[in-house]
Amino acid sequence: MGTLQGELMYLNNLVVNTTYPGAQQAGTSRSSMSLPRPKSSGLLGSEGSCYESLCEQQPIGRRLFRQFLLDSNSQYAAAAKLLEDFDYWQHMEDEAKEKAKMSVLAKFCQPESRTFLFSHAGDAAEKYTSLSISNFDEAAMEHVREATRTFLKGGPFSEYLKSPFFYRFLQWKEYEKQKITRKYFYEFRTLGRGGFGEVCAVQVKHTGQMYACKKLDKRRLKTKGGERLALIEKQILEKANSRFVINLAYAYEDRTHLCLVIDLMSGGDLKFHIYDLGKRGIRMERVVYYVAQITSGILHLHSMDIVYRDMKPENVLLDAKGQCRLSDFGLAVELPKGKKICQKKGYIGAGTTGYMAPEILRQENYGMSVDWWSVGCSIYEMVAARLPFKDFKEKVQNEEVTRRTLEDDCKFQHSDFDAPVKDLISHFLKKKVQNRLGCRGDDPRNHVFFKGINFHRLEAGLAEPPWVPKPNVIYAKDMDAFRTASEVEDVKLDSKDERFFKEFSTGAVPVRWQKEMIESGTFDLLNSSELNASCQESVCF
Ligand code: ADP
Ligand code: MG
Ligand code: MG
């Protein structure tokens with residue numbers, strides 16, 4: 001253990017000095033760099049050792065597997081290139097898509113790929129070779145892709161596990177498991193304040209990557225009984241793997257705080273954009289784009305059986321490019337398959353006044369439907385700068401908002417409502433769950449409101465945002481407007497608390513961390529120098 005720690009520290013220092021832009025070209029002595037040696041047991045942990053996790057989902061694994069294929073023989077290389085072209089093809093449009101298809105076809109017809117495709121796609125492959133380009137449809141493409149993956153999961157995958165490329169992967173996994181402390185980051189300005197502490201901007205010292213750090217005061221958590229909620233929030237952030245939901249990169253603790261290091265969203269929240277930037281409301285082109293991203297984010301949460309329960313513009317944050325993500329999972333719950341949330345009588349359920357669905361207000365059991373209702377309210381608010389059942393800053397009792405929500409029809413008085421947005425909102429604001437858009441086994445993405453959105457491209461991050469935040473503007477209220485945190489009583493933390501804090505502090509989140517290594521250039525820098533060296537050695541396991 002001692003030597004490993006030593007090696008990691010050495011590596012850290014080394015990387016600090018070499019991976020900043022500029023430093024990268026500075027001709028550092030690459031031969032002196034080394035990754036830690038993997039320990040022999042339990043290396044892959046809970047993520048498992050299956051093909052999907054090792055060669056597809058984990059970014060560094062994917063890279064190394066590809067390098068292995070390209071390095072092995074022409075047949076493996078053909079398979080790697082075929083898969084790459086598929087990814088490319090999927091995200092293209094129109095002419096470019098046709099071009100990408102030709103490229104797939106050309107690779108598919110090469111003798112190297114035909115050998116494995118014929119053995120794995122059988123008759124189907126034979127049929128495809130006789131098809132002309134125009135008949136080579138999406139289903140045929142999908143079939144060829146699956147046959148390629150089946151081929152790779154067999155022989156090539158077992159060979160990979162014995163190769164220096166996989167040994168290299170295990171070294172990266174060892175590095176990934178390093179202990180994270182506050183020294184790992186530089187800390188910058190406060191971005192906002194939450195119930196348990198502040199959120200500030202941080203930068204990873206050795207990669208330069210910026211994040212936000214949500215700090216939860218340990219004593220405050222204990223006094224307010226927030227420990228369980230903090231863990232739920234952490235688990236949801238960790239599980240979410242979508243560009244429309246805030247993702248977790250690191251979870252660690254220091255003496256006083258639990259820290260969640262998450263995507264940095266410097267463009268402000270949508271509530272600020274609706275009310276605080278001159279003309280009230282958001283113009284329709286932006287509304288369509290944000291609602292498409294919000295809808296994709298909600299669908300992602302629901303696909304994991306998570307009910308968000310706090311959908312509102314304030315919780316939708318914009319990044320520096322103008323793309324949005326859902327944040328703040330303090331109220332979210334994961335439901336066992338097919339189960340509903342039971343409400344205690346006499347207790348008004350979770351959510352924010354003005355966004356709560358009729359089934360919550362009627363104290364019925366409920367599920368995912370409540371999020372679609374809140375999406376409806378949020379779209380209304382983006383257009384009209386008020387809620388469907390509550391005017392902006394209207395002084396009104398919660399009981400009256402409840403009454404209006406249950407009894408009144410939604411009115412569209414604002415001139416900016418056009419026909420498609422009215423129709424979309426009306427379908428999200430159906431008081432009966434069985435009539436509501438998103439709750440009838442239907443997909444809200446098919447609504448005519450989204451006709452200008454290509455959801456494939458949106459998912460791939462290829463749809464240009466209609467508006468980009470200005471880099472020199474702070475999209476938040478003056479810092480003085482943040483309430484100052486009240487003093488916490490002097491509570492004692494016991495060994496049970498300490499155990500909980502340990503359980504919470506799991507360090508780097510693999511997929512996010514690996515992305516950071518690749519995007520910052522650290523992966524290429526350390527890898528190219530080392531792989532050549534270790535490929536020449538014979539590798540022992
Ligand atoms: P709480 O659950 O205690 O309300 P939030 O998660 O809402 O805490 O965070 C508090 C505030 O910090 C937000 O209102 C926002 O202004 C800011 N904030 C939160 N997350 C981020 C982020 N990822 N990037 C930038 N600012 C953030
Ligand atoms: Mg909040
Ligand atoms: Mg919260």
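Not measured: the values here are computed from a predicted model. (Residues numbered from 1 in each chain as written. Chains lettered and ligands numbered in written order. Predicted model: local features only at pLDDT ≥ 70, side-chain atom pairs only at ≥ 80, totals over all residues.)

**Remarks on the overall build of the protein chain**
Link 1 in the chain: Of regular secondary structure, the protein chain possesses 22 helices and 10 strands.
Link 2 in the chain: Across the 541 residues in the protein chain, those meeting the buried criterion constitute 36%.
Link 3 in the chain: Considering only contacts in the protein chain between residues 6 or more positions apart, those separated by 24 or more positions represent 69%. (Helix = DSSP H or I, 4+ residues; strand = E, 2+ residues; numbered from the N terminus. Buried ≥ 20, exposed ≤ 12 C-beta atoms within 10 Å, placed from the backbone. Contact = placed C-beta atoms within 7 Å.)

**Looking at the UniProt feature "binding site: ATP" (unreviewed entry) in the protein chain**
Link 1 in the chain: As annotated in UniProt, the feature "binding site: ATP" (unreviewed entry) corresponds to Lys 214 in the numbering used here.
Link 2 in the chain: For Lys 214, the location among the structural elements is in strand S3 (residues 210–217).
Link 3 in the chain: Setting aside residues up to four positions removed in sequence, Lys 214 forms contacts with Gly 194, Val 199, Leu 260 and Ile 262. (UniProt positions renumbered as here; feature names shortened; annotations may be inferred.)

**Brief notes about the site of ligand 1**
Link 1 in the chain: Close to ligand 1 lie 19 residues, the nearest being Gly 192, Gly 194, Val 199, Ala 212 and Met 265.
Link 2 in the chain: Put simply, the parts of the chain that give the shell around ligand 1 at least two residues each are strand S1 (185–194) and S3.
Link 3 in the chain: With four residues, S1 is the largest single contributor of residues to the shell around ligand 1.
Link 4 in the chain: Per-domain counts for the shell around ligand 1 show at least three residues from each of domain 2 (179–265 + 481–508) and domain 3 (268–474). (Near = placed C-beta within 6 Å. Domains from an automatic or database assignment.)

**Examining the environment of Asp 276**
Link 1 in the chain: Looking at the secondary structure, you find Asp 276 in the loop between helix H13 (270–275) and helix H14 (284–303).
Link 2 in the chain: Judged by the 13 C-beta atoms lying within 10 Å of it, Asp 276 falls in the partly exposed class.
Link 3 in the chain: For the pair Asp 276 and Ala 476, spaced 200 residues apart in sequence, the C-alpha separation works out to 8.8 Å.

**With respect to the confidence of the model for the protein chain**
Link 1 in the chain: Per-residue confidence for the protein chain gives a mean pLDDT of 86, with 85% of residues at or over 70.
Link 2 in the chain: Predicted confidence is poor over residues 1–32, with pLDDT under 50, and the contacts of this stretch with residues over four places away or in other chains come to 33 contacts.
Link 3 in the chain: Across residues 535–541, where pLDDT falls below 50, the model places four contacts with residues more than four positions away in sequence or in other chains.
Link 4 in the chain: The complex prediction reports pTM at 0.85, with the ipTM value standing at 0.98. (pLDDT = per-residue confidence, 0-100.)

**Focus: the packing of helix H6 (residues 111–121) against helix H8 (residues 138–153)**
Link 1 in the chain: Put simply, H6 and H8 touch, their axes get as near as 9 Å, and they point 100° apart. With respect to their mutual orientation, H6 and H8 come out roughly perpendicular. On H8, the residues that touch Phe 116, Leu 117, His 120 and Ala 121 of H6 are His 143, Val 144, Ala 147, Thr 148, Thr 150 and Phe 151.
Link 2 in the chain: Partitioning the contact of H6 with H8 into residue classes produces six nonpolar, four polar and no charged. (Axes fitted to C-alpha atoms, helices over the stretch in contact; angles between N-to-C directions. Parallel < 35°, antiparallel > 145°, perpendicular 65-115°, else oblique. Nonpolar A, V, L, I, M, F, W, Y, C, P; charged D, E, K, R; others polar.)

**Focus: the sheet that holds S3**
Link 1 in the chain: Spatial ordering of the open sheet is given by S1-S2-S3-S5-S4-S10, a layout of six strands whose pairing is antiparallel. Two strands lie at the open edges of the sheet, namely S1 and strand S10 (507–508), each paired on one side alone. (Pairing = 2+ DSSP bridges.)

**Focus on the pairing of strand S5 (residues 257–262)**
Link 1 in the chain: Most of S5 sits out of view: six of its six residues are buried.
Link 2 in the chain: Here S5 shows two buried faces, one formed by His 257, Cys 259 and Val 261 and the other by Leu 258, Leu 260 and Ile 262.
Link 3 in the chain: Bridge count between S3 and S5: six bridges; the pairing is antiparallel. Paired with Asp 217 across the bridge in S5 is His 257.
Link 4 in the chain: The pairing of strand S4 (residues 248–253) with S5 spans five bridges and is antiparallel.

**Section: H6**
Link 1 in the chain: Buried within H6 we find Ser 113, Phe 116, Leu 117, His 120 and Ala 121. What you see down the axis of H6 is that its buried residues fit within an arc of 110°, all on one side.
Link 2 in the chain: In the stretch just after H6, Gly 122 is the one whose phi turns positive, near 55°. (Arc of directions from axis to C-beta.)

**Concerning the nonpolar core**
Link 1 in the chain: In terms of nonpolar packing, the biggest core is built from 122 residues, with Ala 79, Val 261, Ile 262 and Ile 379 touching the most fellow members.
Link 2 in the chain: The element best represented in this core is helix H16 (residues 369–384), accounting for 10 residues. (Core = buried A, V, L, I, M, F, W, Y, C linked by C-beta atoms within 7 Å.)

**Regarding the domain arrangement of the protein chain**
Link 1 in the chain: Each assigned domain of the protein chain is listed with its residue range as follows: domain 1 (52–175), domain 2 (179–265 + 481–508) and domain 3 (268–474).
Link 2 in the chain: For domain 1 versus domain 2, the separation of C-alpha centres amounts to 40 Å.

**Observations regarding the UniProt feature "active site" (unreviewed entry) in the protein chain**
Link 1 in the chain: In this structure's numbering, the residues bearing the UniProt feature "active site" (unreviewed entry) are Asp 310.
Link 2 in the chain: As for its position among the elements, Asp 310 is in the loop between strand S6 (306–307) and strand S7 (316–318).
Link 3 in the chain: Those residues within four positions of Asp 310 in sequence are excluded, and the remaining contacts are Asn 315, Asp 328, Leu 331, Gly 351 and Thr 352.

**Considering the pairing of S1**
Link 1 in the chain: Here S1 pairs with strand S2 (residues 197–204) via seven bridges, running antiparallel. Bridging across to S2, Gly 194 finds its partner in Gly 197.
Link 2 in the chain: With antiparallel pairing between neighbouring strands as the criterion, S1 and S2 make up a hairpin whose turn holds two residues.

**Observations regarding helix H18 (residues 419–428)**
Link 1 in the chain: Listed in full, the buried residues belonging to H18 are Val 421, Leu 424, Ile 425, His 427 and Phe 428. Looking straight down H18, one finds that the buried residues subtend no more than 165° of arc, so they occupy a single side.
Link 2 in the chain: The secondary structure elements touched by the buried residues of H18 are H14 and H16.

**Description of unusual backbone geometry**
Link 1 in the chain: We note that Asp 305 has phi near 60°; this positive angle belongs to a residue other than glycine.
Link 2 in the chain: Inspection of the secondary structure assignment puts Asp 305 in the loop between H14 and S6.
Link 3 in the chain: Even without a glycine there, the phi angle at Asp 328 is positive, about 65°.
Link 4 in the chain: For Asp 328, the position within the fold is in the loop between strand S8 (324–326) and strand S9 (333–334).
Link 5 in the chain: According to the C-beta neighbour criterion, Asp 328 is buried, with 20 such atoms within 10 Å.

**Some details on the packing of helix H4 (residues 74–90) against H6**
Link 1 in the chain: One way to put it is that H4 packs onto H6 with a least axis distance of 8 Å and a crossing angle of 85°. Classified by the interaxial angle, the pair formed by H4 and H6 is roughly perpendicular. Within the contact between the two elements, H4 uses Ser 74, Gln 75, Ala 78, Ala 79 and Leu 82 and H6 uses Glu 112, Ser 113, Thr 115 and Phe 116.
Link 2 in the chain: In terms of residue class, the contact of H4 with H6 is built from four nonpolar, four polar and one charged.

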